[in-house]
Structures are given as structure tokens and as C-alpha cells.
Amino acid sequence: MAFSSGGSGGAMADINVTPLVDVMLVLLIIFMITAPLMTHKVKVELPEANLDEKQEPLPTPPITVAVLEDGSLFWNDEPVTKDMLESRFSVEAQKTPQPQVNVRGDKTTKYRIVNEVVKTAQSQGIRKVGFVTIADRGN
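Treat the numbers as computed from the prediction; the structure is a model and nothing was measured. (Residues numbered from 1 in each chain as written. Predicted model: local features only at pLDDT ≥ 70, side-chain atom pairs only at ≥ 80, totals over all residues. Heavy atoms only, no water.)

Caption draft 1: Just the sheet that holds strand β1 (residues 63-67), in detail. Taking strand neighbours across the sheet as the criterion, the 5 strands line up as β3-β2-β1-β4-β5 in an open arrangement whose pairing is mixed. Edge positions in the open sheet fall to β3 (78-80) and β5 (129-131), since each of these has one partner strand only. When strand polarity is set aside, the average angle formed by the axes of neighbouring strands in this sheet is 30°. As judged from the 3 bridges shared by β1 and strand β2 (residues 73-75), these two strands associate in the antiparallel manner. Following the sheet pairing, A66 is matched in β2 by F74. Along the sheet, helix α3 (residues 111-123) contacts β1, β2, β4 (101-105) and β5; its crossing angle with β5, the most-contacted strand, is approximately 155°. (Pairing = 2+ DSSP bridges. Helix = DSSP H or I, 4+ residues; strand = E, 2+ residues; numbered from the N terminus. Axes fitted to C-alpha atoms, helices over the stretch in contact; angles between N-to-C directions. Contact = heavy atoms within 4.5 Å.)

Written out as C-alpha cells, the structure is:
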């Protein structure tokens, strides 16, 4: 332990920060030299994007399938059978871009019937199947 040379004879309570400053300066110099070298390890020629001529895909109108309580089905308000529905789903699944299918179930329709329509659509390759509801007006 270091003792002061003064006449008090007590222990020196000050911390010597010189070694700490020396170490910090050395680390700072090392990081300043190595940081620019780590940014560009591999040079890659990136392609340039031409954003002026952006082509958007043609929007396809969604298909609406209505399901009533008695199990009757409607393809865009046109009555269809389950077999016709399945064949139409397979035709629409082949299109690019694929249209979205919106299922409108009557309020009193059993979920089992709506689920059969959704499973039929998915089994034929339709990726976007949604449900149409009306917003709750609240009190």
C-alpha cells in the first residue's frame, strides 16, 4: 500500500488513473484502425433497380362464395353445386395471380358447411381464402 510522504502518516486514498487512461487510449486506437477494415470484406457488384418503370400485377377481382343455412352455394351470386364449386376452384387455382376467395356464410349456417367449402378451396390449390362479415355496431 502506498503511503503519503506528508506528515500526516495516513494512507493515500486517491486512485491512480494513469494506467486506466493508457489502456483506454490503446483500445481506442486499435478500434479506430480495425473498424474500417471490417466493413468491406467482400466486394459485390449489386444490380441497380429501375423504380421508374415499376409494373404492378393486374388486379384480379375476388371471388365470392356464399353459403346459406340449407347448404346451397353461390359463386358470385350464381347458384352452383359442390362438384361445380370444386371444378371452378381448380380452374381459378391455375391462374396467375391467383384470385382471393371470400366466403360469406349466413348467420345461421352451421360452421361444418362453411368449413367444407374452405377445405374444398384449399384442396384445389387456392391460397387466399377469407371470410366476409359485417362490423358489430356496438352500443
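After that view of the structure, there is still more to cover.
Caption draft 2: Layout of the layout of surface pockets. For the largest pocket, the calculated volume is near 270 Å³. Forming the walls of the largest pocket are V103, G105, D106, K107, T109, Y111, V114, F131, V132, T133 and I134. Put simply, the parts of the chain that give the lining of the largest pocket at least two residues each are β4 and α3. (1 Å grid on protein atoms, 1.4 Å probe; cavity = no way out; pocket = protein on both sides within 12 Å on 5 of 7 lines; lining within 4 Å. Points joined across faces, edges and corners; volume = space filled by probe spheres on them.)

Caption draft 3: Structural detail: the side chain of Q98. By the element assignment, Q98 lies in the loop between α2 (82-93) and β4. Accessibility expressed as a relative area gives 9% for Q98, which makes it buried. Looking at Q98, its side chain comes within polar contact range of the main-chain oxygen of A93, at 3.1 Å. At 2.7 Å, the side chain of Q98 and the backbone nitrogen of R127 are in polar contact. Residues contacting Q98, with those up to four places away along its chain left out, are T60, E92, A93, G125, I126, R127 and K128. (Buried < 20%, exposed > 50% of the residue type's maximum accessible area, 1.4 Å probe, protein only. Polar contact = N/O pair within 3.5 Å; in protein donor to acceptor, adjacent residues only side chain to side chain.)

Caption draft 4: Structural view of the packing of α2 against α3. Across the interface, α2 lies against α3 with an axial gap of 9 Å and an inter-helix angle of 35°. Considering the relative orientation of α2 and α3, their crossing is right-handed. Contacts between α2 and α3 pair K82, L85, E86 and F89 from the former with E116, V117, T120 and A121 from the latter. Split into classes, the residues belonging to the contact of α2 with α3 amount to 4 nonpolar, 1 polar and 3 charged. (Left-handed = near helix turned anticlockwise from the far one by under 90°. Nonpolar A, V, L, I, M, F, W, Y, C, P; charged D, E, K, R; others polar.)

Caption draft 5: Layout of the pairing of β4. Taken together, the 5 bridges between β1 and β4 define a ladder with parallel strand orientation. By the bridge assignment, I63 is partnered in β4 with V101. The β-α-β motif built from β4, the intervening α3 and the parallel element β5 has right-handed crossover chirality. (Right-handed = clockwise from strand over helix to strand, strands pointing away.)

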